[in-house]
Amino acid sequence: MSLRKLIVIGIVAITLVAVLVILVDNIERQATTNNEESDESDSQSKLTPFVNTTTTINSPYVKEYSLPAGTWPNAILVDRNGMVWTAGSRSHTLISFDPTQGQIESSYPITEEKTFNDDVTKEISLMVWTMVEDNDGFIWFSQFGPNSLWRFDPHTGKFDVFRSVINPPYQMKVDKETGDIWYTTLTHNTLGVIQKIENKSYSSYKITEFDVGIDSYPAGLFLQRDHVWTSQIQNHKLIKFNIIKDNSGMVKDVVNALEIPSNDNEPIYLPTDLLISNSNSVWFTEHGTSTITNYQMNSSHLTRFPTSANQYQTTTLPFWMKQSTDDQGFWFNEHTGNRVGFFDTITMVLTEYEIPTRPSDGYIVYPLGIAADPNDSKKLWFSEWNTDKIAIVDQSIPIPFDIHSDVKKVVLSGYNNTAKIHIKITKNDSVDITPTNKIVSLKVSSSMEPAAGLINMTAIFSTDTIDLTEITEETTLQLTLQNHYAPPGNYNLAISATDVSVTKSIFLNLVIE
């Protein structure tokens, strides 16, 4: 790893952490140590007068729905009944959206009466990063600010606020077997669990928090039977904890059982989210880069898969991950790539869907929250924080082209050493070819540097574009790779085909000797 790349990654890490710390520190915080007491506010009588219609923008794969101006949606959830929930970090509202009608069903002000007597609180943005539905059907979410943790009852429209957490949860996950809700706090080095206390006539919860190390900044979270995994941004580690419970099932401790990486030979950078696809394979995002990373526990081997290069040639910053309900792969959002993607862990093919809208004051849309549909593995919902929209991407809609290559690995050694790879582009006859999807462009990205570019080497296609109306079934083109003193190492190249609205990438292992 070059000094330049280490500096870039370090700057990104410091910036990400600093922004979150400033956001929290600038808000007056209130706390209480009583885990079982909560305050209620009946918000149903105070519904914000949002217009109950939205403007939809149609695209082949992504359908967007407009929310009221100034909502700034972040966390998003699809509940067991298919209702979509999101929270406005600027409007301070919890919104339910009915996808069958394509419109907002209800909007609930996230407030206690005394909170909104403060005009300052009304005007600030309180980011809602995470939202889950528990086994009882309650909606839990966190809010950066004085009221850190909320529970909402969709049947009554009532909120409960819990002030016993040290810091607002950054990510939450529900253990479907026990009903326990685990969370990370990012800026306070804390891993916590919310457990329902049984045998009482009213809902009561015990909140237990564990210090996971100085400057660890835990972000991502994954539950695996009697273990809980976290990604630690500041320490650049993935940690597996054993969950220790007493005889009544209450969590009393977590014990560090495994750290990844176990040495400095293959460091990782800003690990933000993670999931375990089987007993041996760990997938995670590195937020300072443009890569999705796989770690094999039996070999301690890291493999980085770059996203396709975006039109601005900047880092795409993969962020959150959601495992598909059919276990065929996972969804992820690109913080600054203007796309959401699906990585098929069976075929090792990446499909990225372009977000149609851009903000009026810039060229990057922030899809900060993603939510898999529990009833349809082909669909993903996401929020667009700076365009006041939520959207759904439908993977079941066929793509008009495909990309293949029989070559899986290339070794380049010595200056000017070249390799030629044949790439096949196939037309999907079941899809109508139109002026908007007939031109397919080819491009290459790599895991060599954070912005997914190439270092001291070239990648040239025999033709950069294919017109699908001019081929009958498939066409073959040639990709020439040439080494110009590229740094030695083991990399992955993403060879991508795109019609702008969707991009499909296959991967080539590149060894520079």
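Residues numbered from 1 in each chain as written. Predicted model: local features only at pLDDT ≥ 70, side-chain atom pairs only at ≥ 80, totals over all residues. Heavy atoms only, no water.

Novice: Sorry, what's going on with the side chain of Ser-96 here?
Specialist: On the secondary structure map, Ser-96 appears in strand S6 (residues 93-98). Aside from chain neighbours lying at most four places away, what touches Ser-96 is Met-83, Val-84, Trp-85, Ile-104, Glu-105, Ser-106 and Tyr-108. (Helix = DSSP H or I, 4+ residues; strand = E, 2+ residues; numbered from the N terminus. Contact = heavy atoms within 4.5 Å.)

Novice: Just to check I follow, could you spell out the sheet that holds strand S18 (residues 237-245) for this structure?
Specialist: Note: strands within a sheet are paired through backbone hydrogen bonds, in either parallel or antiparallel orientation. In spatial order, the strands read S16-S17-S18-S19; together these four strands make up an open sheet with antiparallel pairing. Strands with a single pairing partner mark the edges of an open sheet, and in this sheet they are strand S16 (218-224) and strand S19 (251-260). Averaged over all pairs of adjacent strands, the angle between their axes in this sheet comes to 25°, without regard to strand direction. Bridge count between strand S17 (residues 227-232) and S18: six bridges; the pairing is antiparallel. Residue pairing across strands places Val-228 opposite Phe-241, the latter belonging to S18. (Pairing = 2+ DSSP bridges. Axes fitted to C-alpha atoms, helices over the stretch in contact; angles between N-to-C directions.)

Novice: Just to check I follow, could you spell out the packing of aromatic side chains for this structure?
Specialist: For any pair of aromatic rings, geometry is given as the distance between the ring centres together with the angle between the planes. Summed over the entire model, instances satisfying the criterion amount to 30 aromatic pairs. Considering the side-chain rings of Trp-129 and Phe-319, the 6.0 Å spacing of their centres and the 80° angle between planes classify their relative orientation as edge-to-face. In this pair, Trp-129 sits in the loop between helix H2 (119-123) and strand S8 (131-133) while Phe-319 sits in strand S24 (residues 318-323), placing the two residues 190 residues apart along the sequence. Looking at Trp-129, the relative accessible area reads 11%, which means it is buried. Given a relative accessible area of 2%, Phe-319 falls into the buried group. For the pair Trp-331 and Tyr-353, a centre-to-centre distance of 6.3 Å together with 35° between the ring planes defines the contact as tilted. Taken as a pair, Trp-331 in strand S25 (residues 329-334) and Tyr-353 in strand S27 (residues 349-354) lie far apart in primary sequence, 22 residues in all. Joined through ring pairs, the aromatic side chains of Trp-85, Tyr-108, Phe-141, Trp-150, Phe-152 and Phe-159 make up one cluster. Arg-90 extends its terminal NZ or CZ atom over the ring of Trp-72, reaching a point 5.3 Å from the ring centre. (Phe/Tyr/Trp six-rings, centres within 6.5 Å; stacked < 30°, edge-to-face > 60°. Buried < 20%, exposed > 50% of the residue type's maximum accessible area, 1.4 Å probe, protein only. Lys NZ or Arg CZ within 6 Å of the ring centre and 35° of its normal.)

Novice: What exactly am I supposed to notice about the pairing of strand S20 (residues 271-276) here?
Specialist: The side chains of a regular strand alternate between the sheet's two faces. Taking burial as the measure, the six residues of S20 include six buried ones, the bulk of the element. Sheet topology places S20 next to strand S21 (residues 281-286); four bridges connect them, and they run antiparallel. When the sheet's bridge partners are listed, Leu-274 is paired in S21 with Phe-284.

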